[in-house]
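Next come the chains, spelled out residue by residue.
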Amino acid sequence: ANMKLILILSALIGASLCLETFVGHQVLRVKTKNEEEVKQLQLLESLEHLELDFWINPSAPALPVDVRIPAGSVQSVKAFLESQGIEYSILIEDLQDVLDKERQDMAESAQRQRSTGSFDFSAYHTLDDINAELDHLASEYSFVEKIQIGESYEKRPLYVLKFSTGGSNRPAIWLDAGIHSREWVTQASALWIANKIASDYGTDESITSLLDKMDLFLLPVANPDGFVYTHTSNRMWRKTRSKIPGSICVGVDPNRNWDAGFGGPGASNRPCSDSYHGPSANSEVEVKSVVDFIKNHGNFKAFLTLHSYSQLLMYPYGYKCTRPDDYAELESLGRAAANSIRSLYGTTFQVGTICNTIYQASGGSIDWSYDNGIKYSFAFELRDTGRYGFLLPANQIIPAAQETWLGLKKIMEHVRN
Amino acid sequence: DIDDVGHKYYLELELEDVLDKDRTVSCTAEVLYHLGSKTSAPDVQLTVQGELRSTEEADKEFYNRIRSLEKELVAENIPDSHGNVPPELEPIHLLAWVASGYVIWQNSTENTKFHLAQVKHVKQVKRNDEDLQFDFVLLLHEMVSQEVLPWEVTLLWHPQRGARVPQS
């Protein structure tokens with residue numbers, strides 16, 4: 001009876017959300033043998049009337065090309081491939097069947113989660129699950145509010161959790177994660193940290209005195225379009241998903257797009273590059289929304305951002321290799337934060353300016369925030385140092401979040417004082 | 001700096017065995033990056049001081065397991081999106097690291113920093129001789145450009161003879 005209810009529920013939800021139907025859509029896996037065949041596929045990609053959706057784009061002969069084909073185009077695409085002698089296999093016979101099953105699974109899982117009542121912080125989640133948890137935190141704690149500061153390129157809301165125990169426009173701390181979508185430990189850690197702060201207010205002396213004086217704004221998924229893409233198509237996607245005029249490549253590196261030394265060394269002007277800075281500073285709505293929000297607020301004292309991997313704790317500058325005016329204070333605070341991080345599990349973070357520690361990189365967020373008067377600007381690169389890299393096992397999420405939180409706390413305490 | 005030749009680096013390294021964290025081994029290395037040469041790999045001389053752990057038992061067991069497979073092993077996405085590696089594929093993961101070491105060595109300059117990001121695809125190829133052959137598609141992450149690029153590489157391995165990349 002429960003099963004039937006779930007099926008009816010998911011059908012109703014599907015109908016009410018007016019979901020696109022994929023009946024008869026097939027997903028083919030195309031195995032290219034050489035550059036010539038890759039070019040043929042790129043030609044196919046450019047024929048917009050076919051409405052092909054490449055899950056893995058044709059780029060190199062070594063990689064398979066996965067493409068979703070609407071029902072009406074299936075026969076003609078197959079005929080084209082066969083006439084060119086290009087090998088393919090059918091990954092998914094009917095996409096709608098797969099989606100129906102998935103929706104059913106997720107409904108069952110959601111029902112299971114609702115009945116146990118807790119979010120699994122030691123697992124990686126989808127964007128929808130993360131947004132649901134943000135709603136949950138906001139509803140459970142009176143001093144936590146979910147606000148929307150803008151929309152992504154593909155029109156997904158940019159949600160920020162505001163932690164505020166009162167006052168009016170108190171001095172504030174900014175914390176974001178997931179600006180580079182493949183850095184999954186950062187969005188996951190941000191969720192854990194949000195929950196930690198919310199649940200420990202009132203009992204933890206440090207958090208309580210912090211929130212009694214200052215507000216905290218946390219953006220757990222700064223690049224939702226990229227994040228969804230890492231779930232659905234390419235786990236290694238880094239950039240936004242904006243279409244670039246005049247290019248078949250997609251997306252801009254959002255951490256080269258800020259107005260700080262924009263277009264300088266350490267960013268690429270090629271749209272297909274993973275460090276493409278974009279057509280102009282703040283061209284990416286994901287970046288502009290944050291810039292506008294922070295400028296309008298006018299009272300931010302710290303700007304903290306989470307990345308992975310490499311285990312680094314950095315402060316400005318990245319766009320130039322000279323020390324910031326507040327070098328001594330930032331270096332010393334950075335060292336103190338790194339010591340706090342190490343105290344928990346022995347994880348060592350290197351401290352220094354971006355340019356000295358990692359590489360020269362222009363258009364970065366903490367350079368922008370620092371040059372706009374936010375002195376305490378730090379960028380973290382979380383675990384690990386390369387063994388798993390972006391694919392950090394889920395069982396390391398909580399240890400990574402715990403140690404990172406100690407470092408953030410150290411910085412926030414200094415800002416508060 | 002060596003005039004008209006390139007840049008030479010003298011390194012003292014400590015190796016940590018990821019499967020036996022308490023065990024470290026010291027080694028020294030000399031690395032020569034050739035001047036201006038875009039197609040030449042750096043010269044590397046390495047001396048290991050001390051002994052590496054013996055893995056004879058595990059090597060033999062893995063070798064026999066693969067040799068006795070009816071169908072050639074095929075696998076994808078190691079680790080998967082969540083960082084998981086099924087235990088029976090862990091040795092393949094480790095061999096992929098070896099293969100990535102070769103690719104990284106061949107493609108490194110003083111301005112690159114590579115890591116193995118993921119084993120996208122691996123296919124075993126049965127051979128008439130005693131070596132195991134694995135054809136890999138590896139994703140390498142390059143830190144400076146931030147690109148994640150696929151590389152095809154074949155690795156041969158034998159429990160006594162060790163690993164090598166055949167020159168095709």
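Every chain is numbered on its own, with residues counted from 1 as its sequence reads. Here chains are named by letter from A upward and ligands by number from 1 upward, in the order in which they appear as written. Side-chain atom pairs in this predicted model are given and counted only at pLDDT of 80 or more, local residue features only at pLDDT of at least 70, and totals for whole chains, interfaces and linings cover all residues. With hydrogens and water stripped out, all remaining heavy atoms of the structure feed into the side-chain values.

### Regarding empty space enclosed by the protein
Residue and element names in this part refer to chain A.
So, point 1. Lining residues are those with an atom within 4 Å of a point, where the points come from a 1 Å grid over the protein atoms alone and group into cavities, where a 1.4 Å probe fits but cannot get out, or pockets, open sets with protein on both sides within 12 Å along at least five of seven lines. Grid points are joined across faces, edges and corners, and a volume is the space filled by probe spheres set on the points. Applying the stated criterion to the full structure yields five cavities of 30 Å³ or more.
So, point 2. What the largest cavity holds in volume is close to 230 Å³.
So, point 3. In terms of lining, the largest cavity is formed by 23 residues, of which the most central are Asn255, Arg256, His307, Tyr359 and Glu381.
So, point 4. Numbering goes from the N terminus for both helices and strands, where a helix is a DSSP run of H or I of at least four residues and a strand is a run of E of at least two. Of all elements in the fold, only β9 (300-308), α12 (365-371) and β12 (376-382) reach the threshold of two or more residues within the lining of the largest cavity.
So, point 5. The element contributing the most residues to the lining of the largest cavity is β9, with three residues.

### Digging into the UniProt feature "active site" (unreviewed entry) in chain A
All names here are of chain A.
So, point 1. Mapped onto the present numbering, the UniProt feature "active site" (unreviewed entry) falls at Glu381.
So, point 2. Structurally, glutamate 381 can be placed in strand β12.
So, point 3. The buried category is assigned to glutamate 381, whose relative accessible area is 10%.
So, point 4. The criterion used for residue contact is that any of the two residues' heavy atoms lie within 4.5 Å. When neighbours within four sequence positions are excluded, glutamate 381 is seen to be in contact with His307, Ser308, Tyr309, Ser310, Gln311, Leu312, Met314, Phe349 and Ile358. UniProt positions are given in the numbering used here, feature names are shortened, and annotations may be inferred rather than shown by experiment. Residue burial is assigned from relative accessible area. The probe radius is 1.4 Å, only protein chains are included, and a residue is buried under 20% of its type maximum, exposed over 50%, and partly exposed in between.

### Thoughts on the interface of chain B and chain A
So, point 1. On the side of chain A, 25 residues touch chain B, which itself brings 26 residues to the contact.
So, point 2. Between chain B and chain A, the buried area comes to about 2,100 Å², and carbon and sulfur atoms account for 57% of it.
So, point 3. The largest per-residue losses of area from chain B upon contact with chain A belong to B:Ser81, B:His82 and B:Gln146, which jointly make up 25% of the total buried on that side.
So, point 4. The term salt bridge refers to a side-chain nitrogen of Lys or Arg lying within 4 Å of a carboxyl oxygen of Asp or Glu. Viewed at the interface, chain A and chain B are joined by one salt bridge.
So, point 5. In this structure, B:Glu76 and A:Arg29 form a salt bridge, with 3.3 Å as the shortest nitrogen-oxygen distance.
So, point 6. As used in this structure description, the phrase polar contact means that two N or O atoms lie within 3.5 Å; if the pair is within protein, one of them must be able to donate a hydrogen and the other to accept it, and residues adjacent in sequence are counted only when both atoms belong to side chains. Our count for the contact surface shared by chain B and chain A stands at nine residue pairs in polar contact (both at pLDDT 80 or more).
So, point 7. Among the elements of the structure, α2 (90-107), β5 (114-125), β6 (132-142) and β7 (148-158) of chain B are those that each provide at least two residues to the side of chain B that touches chain A.
So, point 8. Counting residues per element, the side of chain B that touches chain A draws most heavily on β5(B), which supplies five residues.
So, point 9. All residues other than Ala, Val, Leu, Ile, Met, Phe, Trp, Tyr, Cys, Pro, Asp, Glu, Lys and Arg, Gly among them, are scored as polar; the first ten of these are nonpolar and the last four charged. Of the residues in the side of chain B that touches chain A, the class split is eleven nonpolar, nine polar and six charged. As a working definition, buried area equals the accessible area (1.4 Å probe) given up by two parts on being put together, with both sides summed.

### Looking at a nonpolar patch on the surface
All names here are of chain B.
So, point 1. Residues form patches when they are more than 30% accessible in relative terms and have no salt bridge. Like charges link within 9 Å. Nonpolar side chains (Val, Leu, Ile, Met, Phe, Trp, Tyr) link within 5 Å. All accessibility values rest on the Shrake-Rupley procedure with a 1.4 Å probe; residue burial counts only the protein chains present in the view. A cluster of nonpolar side chains, contributed by Tyr9, Leu11, Leu13, Leu15, Val44, Leu46, Val48, Leu52 and Trp105, occupies part of the molecular surface with about 770 Å² of accessible area.
So, point 2. For the nonpolar patch, the secondary structure elements donating two or more residues are β1 (6-17) and β3 (43-49).
So, point 3. Considering each element in turn, the nonpolar patch owes the most residues, four residues, to β1.
So, point 4. Position of valine 48 relative to the elements: it lies in strand β3.

### Digging into the packing of aromatic side chains
Residue and element names in this part refer to chain A.
So, point 1. Each pair of aromatic rings taken from Phe, Tyr and Trp, with Trp reduced to its six-membered ring, is defined by centres within 6.5 Å and is described as stacked if the planes are under 30 degrees apart, edge-to-face if over 60, and tilted in the remaining cases. Applying the stated criterion to the full structure yields 26 aromatic pairs over all chains.
So, point 2. Plain terms: the ring middles of tyrosine 315 and phenylalanine 378 are 6.3 Å apart, the flat faces sit at 75° to each other, and that makes the pair edge-to-face. Of this pair, tyrosine 315 sits in strand β10 (residues 312-315) while phenylalanine 378 sits in strand β12, and the two are 63 residues apart along the sequence. Here the two residues tyrosine 315 and phenylalanine 378 agree in accessibility, since each one is buried.
So, point 3. Through a chain of ring-to-ring contacts, the aromatic side chains of Trp174, Phe217, Trp258, Phe293, Phe300, Phe303 and Trp368 assemble into a single cluster.
So, point 4. Two thresholds decide whether a charge sits over a ring: the Lys NZ or Arg CZ must be within 6 Å of the ring centre and within 35 degrees of the ring normal. Above the ring of tyrosine 159, the side-chain terminus of lysine 146 is found at 3.6 Å from the ring centroid.
So, point 5. Directly above the aromatic system of tryptophan 184 lies the positively charged group of arginine 235, at a separation of 3.8 Å from the ring centroid.

### Topic: the confidence of the model for chain B
All names here are of chain B.
So, point 1. pLDDT expresses, on a scale from 0 to 100, how confident the predictor is about each individual residue. Across chain B, pLDDT averages 93, with 98% of residues at or above 70.
So, point 2. Within chain B, strand β2 (residues 20-34) has the poorest average pLDDT of any element, 90, and β6 the best, 98.
So, point 3. On the interface metric, ipTM, the complex scores 0.87, and its pTM is 0.78.

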